[in-house]
Amino acid sequence: MPLLRGSETRAPFSDEDDKFLEELEHANYLYFWEQGNPQTGLVRDRFNVRGNDHGVVASIAATGFGLTALCIGEKRGYLPHAQARDRALATLRFLWKRLPHHRGFFFHFADMNTGEREWDSEASSVDTAILLCGVLTCHRFFHHEEISDLAYSIFNRVDWNWLSEDTAMLPHGWMPEAGFLPYWWDGYSELMMMYLLGLGSSAHPLPPEAWNAWKRTIFEYDGIRYIGAFAPPLFVHQYSQAWFDFRGKRDRFADYFRNSVIATDVHRRFCLELAAQFPDYSDDLWGITASDSVQGYVAWGGPPAMGPIDGTVVPSATGGSLPFLPQECLRVLRTMKSRYSDGAWCRYGFVNAFNPLKKWYDTDVVGIDTGITILMAENARTGFVWDTFMKNPEARRGMERAGFEPYTP
């Protein structure tokens, strides 16, 4: 049975499938609960599950996923309401009062204990957007006066007008030492959430023409046409749709939910074509997106092939695509768990990546990849994150100003 709109969502999963997804979500939730600092709420960027990891670098994007994971965890009964509320409250207080920022935009990486900027990172536009999505999800979920006040204060502090001062397109970020980065969000990618949040702002709104400024390049693969990017990691089709509900809506250009369904299936076909070269790829095992590898972190993907693809599979590629191809993605995730659990599965769910051909298994769990998996698993099951987040008037206003209207696909 297909996914329906809004609160009518029912995922086409058997009881056995749902039990597996419950196990996966609970494991993913534990990452955000245990690898988040209880006082600051900041969540580790990554964690080595095979050794003693004393790293302190947090990611603001992982923290945004973590705030949403708190809501999922409370809803699922993984933790009491009071504990989820108090962790969310501590996080929002720290974000508002102590975490360094520039005109509301937070630095990509920070010390999880102190909030100090790490690795000379940029004040990141898209990572701030991911964090804001988590903030707004908490606002609508907890129905708590201080959480609501803090959420609005954090959101309204973000000065989208400053970021877009000289152009309709947004830069990737800003450095205290050098000013704006020389890269622009100018083509289809995970950028949609950022532009929609900017359009939805009442304090510093982007102009409506900003939505039309970025390119929507049409690609064709095996006779199938879709909007995409040049050899993208699969996550570019996932991140904005973890929170914004594009089902049954379209702007003047596209139905982006349907587009992600097509792009995900194209990626599946692309991996199957690679099976002649990498025989681990099959209908039961596919999925490449930016991840760790034997050679370090790689932003690989396709089609066309990008990066030194070597037979590595990335669990979040299919985990983050569960609402788009539920049965196909679930088959892969269950194969990973049943066939490779000794190396690929851990306390927090799947490690970031593994390569059966090279018998290599990652030692790390990465926050944003674990985050996209738990959010999209919940959306595929119940639509909970979509339904909660879209109650925010900022989200609805952003989509309305971008020209989205309901339609029957």
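Residues numbered from 1 in each chain as written. Predicted model: local features only at pLDDT ≥ 70, side-chain atom pairs only at ≥ 80, totals over all residues. Heavy atoms only, no water.

On to the overall build of the chain. Secondary structure summary: the chain contains 14 helices and 20 strands in total. A compact globule built from 409 residues would reach a C-alpha radius of gyration of about 22 Å, and the chain, at 20 Å, matches this within 12%. In terms of overall dimensions, the chain has C-alpha extents of about 55 × 50 × 45 Å along its principal axes. The 409 residues of the chain split such that 63% are buried. The long-range share in the chain, meaning contacts at least 24 apart out of those at least 6 apart in sequence, stands at 71%. A distance of 4 Å separates the average location of the 39 positive side-chain charges in the chain from that of its 51 negative side-chain charges. (Helix = DSSP H or I, 4+ residues; strand = E, 2+ residues; numbered from the N terminus. Rg over C-alpha atoms; globule rule 2.2 N^0.38 Å. Buried < 20%, exposed > 50% of the residue type's maximum accessible area, 1.4 Å probe, protein only. Contact = heavy atoms within 4.5 Å. Lys, Arg positive; Asp, Glu negative; His and termini not counted. Charge placed at Lys NZ, Arg CZ, Asp CG, Glu CD.)

If charged atoms from side chains of opposite charge come close, those side chains can pair. The tally for this structure, following the rule as stated, stands at 23 salt bridges. Ionic pairing is found between Asp364 and Arg46, a salt bridge with its closest N-O pair at 2.9 Å. Note that Asp364 is positioned in strand E19 (residues 364-366) and Arg46 in strand E2 (residues 46-48), a separation of 318 residues in sequence. Close ionic contact of Glu378 with Arg76 constitutes a salt bridge, the shortest N to O distance being 2.8 Å. In this pair, Glu378 is assigned in helix H12 (residues 367-381) and Arg76 in helix H2 (residues 60-76), connecting sequence segments 302 residues apart. A single salt-bridge network, built from bridges that share partners, covers Asp18, Glu22, Glu25, Lys75, Arg76, Glu378 and Arg381. (Salt bridge = Lys/Arg side-chain N within 4 Å of Asp/Glu carboxyl O.)

In this section: the sheet that holds strand E3 (residues 57-59). An order of E1-E3-E6 is seen for the three strands of this open sheet, with the pairing classed as antiparallel. Both outer strands of the open sheet, strand E1 (43-44) and strand E6 (109-111), are each paired with one neighbouring strand and no more. Relative to the sheet, H2 contacts E1 and E3, its axis offset from that of E3 by approximately 60 degrees. (Pairing = 2+ DSSP bridges. Axes fitted to C-alpha atoms, helices over the stretch in contact; angles between N-to-C directions.)

By the definition in use, this model includes 32 aromatic pairs. For the pair Phe105 and Trp160, a centre-to-centre distance of 5.4 Å together with 85 degrees between the ring planes defines the contact as edge-to-face. Taken as a pair, Phe105 in strand E5 (residues 105-106) and Trp160 in helix H6 (residues 160-163) lie far apart in primary sequence, 55 residues in all. Residue class for Trp160 comes out buried when judged on its relative accessible area of 0%. A ring pair is formed by Phe354 and Tyr361, whose centres lie 5.7 Å apart and whose planes are at 10 degrees; its orientation type is stacked. The partly exposed category is assigned to Tyr361, whose relative accessible area is 28%. Grouping aromatic residues by their ring pairs yields a cluster made of Tyr195, Trp211, Trp214, Phe244, Phe246, Tyr256, Phe389 and Phe404. (Phe/Tyr/Trp six-rings, centres within 6.5 Å; stacked < 30°, edge-to-face > 60°.)

What follows is about the sheet that holds strand E9 (residues 173-175). With antiparallel pairing, three strands are arranged side by side in an open sheet as E7-E9-E10. The open sheet has two edge strands, strand E7 (123-124) and strand E10 (179-180), and neither has a second partner. The sheet contact formed by E9 and E10 spans two bridges and is antiparallel. Counterpart to Met175 in the pairing with E10 is Gly179.

Judged by nonpolar contacts, the single largest core of 140 residues is most densely connected at Trp160, Tyr195, Leu197, Trp211, Trp243, Phe244 and Tyr256. The element that contributes the greatest number of residues to this core is helix H4 (residues 125-142), accounting for 11 residues. Beyond its immediate chain neighbours, meaning those up to four positions away, Trp160 contacts Phe105, Leu132, Leu170, Met194, Leu197, Gly198, Ser201, His204 and Leu206. (Core = buried A, V, L, I, M, F, W, Y, C linked by side-chain atoms within 4.5 Å.)

Here we come to helix H9 (residues 256-273). Between its first and last C-alpha, H9 extends 25 Å over 18 residues, near the 26 Å set by a 1.5 Å rise per residue. Of all 18 residues making up H9, 13 are buried, and the element is well covered by its neighbours. The residue sitting at the N-terminus of H9 and contributing the capping side-chain oxygen is Asp255; that oxygen lies 3.1 Å from the backbone nitrogen of Phe257. (Expected span 1.5 Å × (residues − 1). Polar contact = N/O pair within 3.5 Å; in protein donor to acceptor, adjacent residues only side chain to side chain.)

Moving on, we come to the environment of Leu132. Its place among the elements puts Leu132 in helix H4. By relative accessible area, Leu132 is classed as buried at 0%. Between the alpha carbons of Leu132 and Met193 there is a distance of 9.7 Å; along the sequence they are 61 residues apart. Once you skip the residues sitting within four places of it in the chain, Leu132 turns out to touch Ile154, Phe155, Val158, Trp160 and Leu197.

Position of Asp283 among the secondary structure elements: in the loop between H9 and helix H10 (315-319). Here Asp283 falls in the partly exposed class, since its relative accessible area comes to 36%. Between the C-alpha atoms of Asp283 and Gly41, which are 242 residues apart in sequence, the distance is 39 Å. Setting aside anything within four residues of it in sequence, one finds Asp283 in contact with Arg268, Leu272, Arg331 and Val332.

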